[in-house]
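Descriptive analysis of the structure
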Amino acid sequence: MNGTTTTAMFRAAILDPAKRAHYRLAWLSTVDHKRIAVLYLLTALFFFVVAGVEALFMRLQLALPNNHFLHPDTFNQLFTMHGTTMIFLVVMPVVFGFVNYVLPLQIGARDMAFPRLNAFGFWCVPFGGILLHFSVLAGGAPAVGWFAYAPLSETPYSSNLGVDYWAIAIFVLGIGSISLAVNIIATVISCRAPGMTMRRLPLFTWINFVNAFIIIFVLPVLNAGLAMLLIDRLLEGHFFLPARGGSAVLWQHIFWAFGHPEVYILVLPAFGMVSEMIPVFSRKPIFGYQFVAASSVAIAVLSLGVWGHHMFTVGMGRPLDLFFAISSLLIAIPTGVKVLNWSATMIGGRLRLQVPMLFCIAFLIQFLCAGITGISHAVVPLDWQTKNSYYLVAHFHFVAVGAIVFAVLGALQYWFPKMSGRFLSERLGRWTFWLMVIGFNMTFIIQHFLGLLGMPRRVFTYPDLPHFTWMNMLSTIGVFFMAAAALILVWNLVVSFFKGKLATDNPWNAWTLEWATTSPPPHENFHALPPIRSRRPLWDIANPDRPDPIVGENSSAITVPDKNKVGMLTFILSEAGFFMTLVLAYLFFYVHPQPGPTPKELDVPRTLIFSVCLFASSFTFWRSEIAMSKRQRVSMLGWLAFTVVLGGIFLVGQGTEYWKLFKTGVDVSTNLFATTFFTLTGFHGLHVLLGLVALLIFLWLAWRGDFASGRESAFESAGYYWHFVDVVWVFVLLTVYILPLLR
Amino acid sequence: MTTYQFLTTAWEWNPTLLLICSLAIVGYFLAFGLRGQPAYFVGALAILLLALVSPLSALADGYLFSAHMVQHILLVLIVPALSLLSLPRSLSLPRSRATFTHPLIGWVAGVGAMWLWHAPALCNAATTLKAVSVIQTISLLLMGSVFWWQVLAPRDADRLSPLAGIVYLFTACTACSILGIILTFAPVSVCPAYQQPVDRLGILDVIRGRWGLTSERDQQIGGLLMWVPMCLIYLAAILAQLARWQSDPSAHPEKSHA
């Protein structure tokens, strides 16, 4: 490929205003992963400015003791919005943006596995952002913290609509995140180029592949919790209200079962970014690829079981404290392995101290500090003392800014030439870097000491105690450095986009596939792919006399499973997490019966009959699949229609059961049993209903003859969903209807 | 009785068990000689004895649910895993491979061993009736072996491909964690036999007083053992799968997703 001419051609096509006029609308309707990625990044940048200004206001309020610059309520709203926005509308979209842009390129794919789903996932972000911020106009922003602890988040204590908007917005954002995670997994498994075996994946891709699994496991847990919170608030349910038998601690378990893995969801992609940049700017392959790859899996698995360390102050009892302390300490091992690998990659390398590398080095140092204060939080007695102080605020900002934001800023400098065809200014980049490092450390190092001196977090002001004033003032001054850094960054982005130094296809002499195409890449990504035999295909081309050792078998043959099935199975995994949370919540309250209706009032034999219909529908669907594979159209349509009828009968059965309960005065708000019963069976019924809609669409398509020529995989994928809905019902039937009979 | 006295005296050297263990050692060397990994086999038997004759067994026998849980984990995860590792690499099952070596059977056996024996009725029966306890021990060893066969079978061809093995182990880990979570937070006793132990050895005062293990706390520790350390065993196995995948050039990672 003649790099220079193709680059010039594409630059002419993309940077010429006349030729890109039609793109204006195209940006709104695009399903191209590169444009969606840019949209993600721009959305994140917009909200970064919003949440940054919120932080600036908070620091201004805290600059002086006994300050009344902000009303206390406003302060509460600001820290809630700042936290929520930064996590869900800044870091997640920015990470998703990079993944969207780079991951398909790194594996030599033309696009993500499901481009339309990709667009849907992105548009959830602005939609969620608007919902969240609309609360400001609808009676006040939420003022309950980003964790929305019950019962403060319940109607009696937060009666305006802020929390409702917050919960719905996060719910929507969660759906967007899950859809992207499903897409990432299907893309990596099913859309790799010939030769790109799973063992040859670049680390950024591998880590984000692992990360997508955390997303599909834990975001549904949060969404289940949010659904319960909304049922409490809007339908007078009782999940998290202790006064009505609910459990505020249950909310904490659900939230942190999501919330702790969420930290890794945010930081693992940052690990992926530095794992790409450090080798390139050290001119060495990564030290111990296997260890970086495997430790990511270890982190992912461990992250699911350590949430209790956010709850040491709840009073869970010594056994729980002890086990969670141990598992939290363990997570330091795989993380430490990574730090060693990055450091060892740099040792003996020819370091090129350009802006991406500067950010990587800062990342390493800041993240090490964050890790050490993190470990200190696993020590239960220390945690009791520091949990609600600025020590914790300092810790998680070291993770969120010192690690994640620094890695992202480095990655921006690194991949911007690929995205735009132009370099970001190295000079302005250095200004951003130094202002950021100085401002960040000025703001947050001192907060460790403020916390240890006893300054609590989430307070709008503080008395004029010894050292408090100068420490807070210093912290506030630091924020202005960071704000200046952000301004220079925005200026740099704008100027460089139009006037930056032109970049070649592979401006950093990197080795992964995204650098094998033009900058910016053409719509279809690649005209031709280089042979892929190792983890650094471009190194092999540049150094034919000493290529990397071949990884795995020396063949470019790979077998990739069908993307529809992979996508559906992944989606089902996330749905399983959602229902698992609901079932566990049901069981949690089941053991303490409340006055009022109990499971004994349910009509078990009747439900069993309707259940048989549902289970039979799995069988009829299977028959329909067989008929389809034999190309027997009439038989297939018949069995499919029968499936729809059986599903319909089940729904009618459920509906009449609800109707009977309503008539005897039992609804969601009656007692905890009713709340949990209607939530669990209601969500299952909703899924059956959606499955029926899908089946009806398939019936219509089959009627038109769409499946005459095969395309079994789409049909079978829908079947997976239908069978899954039946399997969920097995569990619901056992817990709700059968379990009380055993007592 | 003090803790020290208890730890030194509460060994129940069951002659039948010792005979079985001796026969197993003799049988192992007759069958495989030194072709396998005898160290693993000796380790497996040592841990079997630890689980069944040591003070741990005395505690599990009616006193402490958490001790029962340790015993349970040793019998279902550690002993079968070490036994499989001790076999020579060339060994294959003689016949009917399809029945016991289907991954789904293995998975159900491994997860079922946890769920089934913690149904209150069965857990109680195993604690109070000696015969049920013997059946439980044997079934745990068997189910554990069927479970581990998928990842630790002597011949590589009998094992799941590494990435499929990770899925297998991770889902099993999740299924057992859920049970662990339920046991940890269940406010009612899962195994009522442990609530009011018959104080055969006169150590109840030590357990409740010196060790501070009330029956609630005991069950909580039992649940946590299943939730956290057991998952660490699965995690170790997952990492071993990754190591196998990354080191073995003849592995076919692509096969795993098919």
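Parameters and conventions
- Counting starts from 1 at the beginning of each chain's written sequence and moves along it residue by residue.
- Lettering for chains starts from A, numbering for ligands starts from 1, and both go in the order in which the items are written.
- Per-residue local features are limited, in this predicted model, to residues with pLDDT of at least 70; the limit for side-chain atom pairs, both in listing and counting, is 80 or more; totals at the level of whole chains, interfaces and linings are taken over all residues.
- Note on conventions: DSSP H or I runs of at least 4 residues are helices, E runs of at least 2 residues are strands, and numbering of each starts at the N terminus.
- Each radius of gyration reported is based on C-alpha atoms, and the globular scaling rule is 2.2 Å times the count of residues to the power 0.38.
- Exposure in this text rests on C-beta crowding, where 20 or more other C-beta atoms within 10 Å of a residue's own make it buried, 12 or fewer make it exposed, and counts in between make it partly exposed. The C-beta atoms are placed from the backbone.
- Throughout, a residue-residue contact means that the two C-beta atoms, derived from backbone geometry, are no farther apart than 7 Å.
- In this classification, Asp, Glu, Lys and Arg are treated as charged, Ala, Val, Leu, Ile, Met, Phe, Trp, Tyr, Cys and Pro as nonpolar, and every other residue, Gly included, as polar.
- To estimate the expected span of a helix, subtract one from its residue number and multiply by 1.5 Å.
- Domains are outlined according to an automatic or database domain assignment.
- For this analysis, nonpolar core means a set of buried Ala, Val, Leu, Ile, Met, Phe, Trp, Tyr and Cys residues linked through C-beta atoms within 7 Å.
- By definition, pLDDT measures how confident the predictor is in each residue, and it falls between 0 and 100.
- Fitting a line to C-alpha atoms yields each axis, with helices limited to the stretch in contact; the angle taken between N-to-C directions then spans 0 to 180 degrees.
- Note that the term roughly parallel is reserved for angles under 35 degrees, roughly antiparallel for angles over 145, roughly perpendicular for angles of 65 to 115, and oblique for everything else.
- When the near helix sits turned anticlockwise from the far one by under a right angle, the crossing is termed left-handed; a clockwise turn instead gives a right-handed crossing.

A count of helical and extended segments in chain B gives 13 helices and 0 strands. Secondary structure elements in chain B, listed N-terminal to C-terminal, are α-α-α-α-α-α-α-α-α-α-α-α-α. In terms of overall dimensions, chain B is globule-like: its C-alpha atoms have a radius of gyration of 19 Å, near the 18 Å expected for 258 residues. Taken over the C-alpha atoms alone, chain B extends approximately 60 × 40 × 30 Å along its principal axes. Split into buried and exposed, the 258 residues of chain B put 42% on the buried side.

A few words on the overall build of chain A. A tally of helices and strands in chain A yields 22 helices and 0 strands. By the compact-globule yardstick of 27 Å for 743 residues, chain A fits well, its C-alpha radius of gyration being 27 Å. C-alpha atoms of chain A, sized along the principal axes, occupy 75 × 75 × 50 Å. Per-residue burial over chain A gives 52% buried out of 743 residues. The long-range fraction of contacts in chain A, counting pairs at least 24 apart against all pairs at least 6 apart in sequence, stands at 84%.

On to the interface of chain B and chain A. With 27 residues of chain B at the contact, the number on the chain A side is 27 residues. The element contributing the most residues to the side of chain B that touches chain A is helix H10 (residues 162-185) of chain B, with 7 residues. Considered class by class, the residues forming the side of chain B that touches chain A number 21 nonpolar, 4 polar and 2 charged.

All names here are of chain B. Look at helix H7 (residues 103-116): 19 Å from first C-alpha to last across 14 residues, which is about the 20 Å you get at 1.5 Å a residue. Every buried residue belonging to H7 is among Gly106, Ala109, Gly110, Val111, Ala113 and Met114, and all of these are buried. Residues of H7 that are buried make contact with helix H5 (65-86), helix H9 (130-152), H10 and helix H12 (215-227).

Residue and element names in this part refer to chain A. Taken domain by domain, chain A consists of domain 1 (31-525) and domain 2 (563-742). Computed from C-alpha coordinates alone, the two centres of domain 1 and domain 2 are separated by 36 Å. The partner domain 2 presents 21 residues to the 27 residues of domain 1 that form the contact. Secondary structure elements with two or more residues in the side of domain 1 that touches domain 2: helix H6 (162-190), helix H7 (203-235) and helix H8 (248-282). Residue classes in the side of domain 1 that touches domain 2 are distributed as 19 nonpolar, 7 polar and 1 charged.

Residues and elements named next belong to chain A. Here Thr74 is to be found in helix H4 (residues 72-106). Assessed through the 16 C-beta atoms surrounding it within 10 Å, Thr74 is described here as partly exposed. Separated by 348 residues in sequence, Thr74 and Arg422 have C-alpha atoms that sit 42 Å apart.

All names here are of chain A. For helix H19 (residues 604-629), with 26 residues, the first-to-last C-alpha span of 38 Å sits near the 38 Å given by 1.5 Å per residue. Taken as a whole, H19 has its buried residues at Thr607, Leu614, Ser617, Thr620, Phe621, Ser624 and Met628. For H19, the secondary structure elements touched by its buried residues are helix H20 (633-663) and helix H22 (712-742). Count one or two residues on from H19 and you reach Arg631, which has phi positive near 60 degrees.

This next bit is on the nonpolar core. All names here are of chain A. Counting 306 residues, the largest nonpolar core has Ala403, Ile404 and Ala407 as the members making the most contacts within it. Sorting elements by how many residues they give to this core places H7 first, with 22 residues. When near neighbours in sequence (up to four residues on either side) are disregarded, Ile404 contacts Val91, Leu266, Val267, Ala270 and Val399.

Attention shifts here to the environment of Gly43 of chain B. Residue and element names in this part refer to chain B. Structurally, the position occupied by Gly43 is in helix H3 (residues 38-53). You can call Gly43 partly exposed: it has 17 C-beta atoms within 10 Å. Considering only alpha carbons, one finds Gly43 and Leu82, 39 residues apart in sequence, at a separation of 7.0 Å.

Another aspect to go through is the confidence of the model for chain B. All names here are of chain B. Taken residue by residue, chain B gives an average pLDDT of 88. The fraction at 70 or more is 93%. Contacts from residues 251-258, a stretch scored under 50 in pLDDT, to residues over four places away or in other chains number 25 contacts. The ipTM value of the predicted complex is 0.90, and its pTM value is 0.93.

Moving on to the packing of helix H18 (residues 563-590) of chain A against helix H21 (residues 672-704) of chain A. Residue and element names in this part refer to chain A. Contact pair H18 / H21: the axes reach a minimum separation of 10 Å and the direction vectors enclose 160 degrees. As far as their axial angle goes, H21 and H18 are roughly antiparallel. Of the two elements, H18 crosses H21, and the hand of that crossing is left-handed. Residues Leu582, Val583, Ala585, Tyr586 and Phe589 of H18 form the contact with H21, whose own contacting residues are Leu672, Thr676, Thr679, Leu680 and Phe683. Considering only residue class, the contact of H18 with H21 consists of 8 nonpolar, 2 polar and no charged.

So, on to the environment of Ala542 of chain A. The residue Ala542 of chain A is located in helix H17 (residues 537-542) in this model. When the C-alpha positions of Ala542 of chain A and Pro279 of chain A are compared, they lie 16 Å apart, and in sequence the two are 263 residues distant.

Okay, the packing of H8 of chain A against helix H9 (residues 289-303) of chain A next. What describes two packed helices is the angle between their axes and the distance between those same axes. Residues and elements named next belong to chain A. Direction vectors running N to C along H8 and H9 enclose 170 degrees, while the axes themselves pass 10 Å from each other. Comparing their axes, H9 and H8 come out roughly antiparallel. Taking contact as the criterion, the partners of His260, Pro261, Tyr264, Leu268, Phe271 and Ser275 in H8 are, on H9, Val292, Ser296, Ile299, Ala300 and Ser303.

Residue and element names in this part refer to chain A. Cis geometry marks the peptide bond from Ala150 to Pro151, where omega comes out at 0 degrees. Within the element layout of this structure, Pro151 appears in the loop between helix H5 (115-134) and H6. Put simply, Ser519 and Pro520 share a cis peptide bond, and its omega is -5 degrees. Mapped onto the elements, Pro520 comes out in the loop between helix H16 (468-499) and H17. For His467, which is not a glycine, the phi torsion comes out positive at approximately 70 degrees. When the 12 C-beta atoms within 10 Å are taken as the criterion, His467 is described as exposed.

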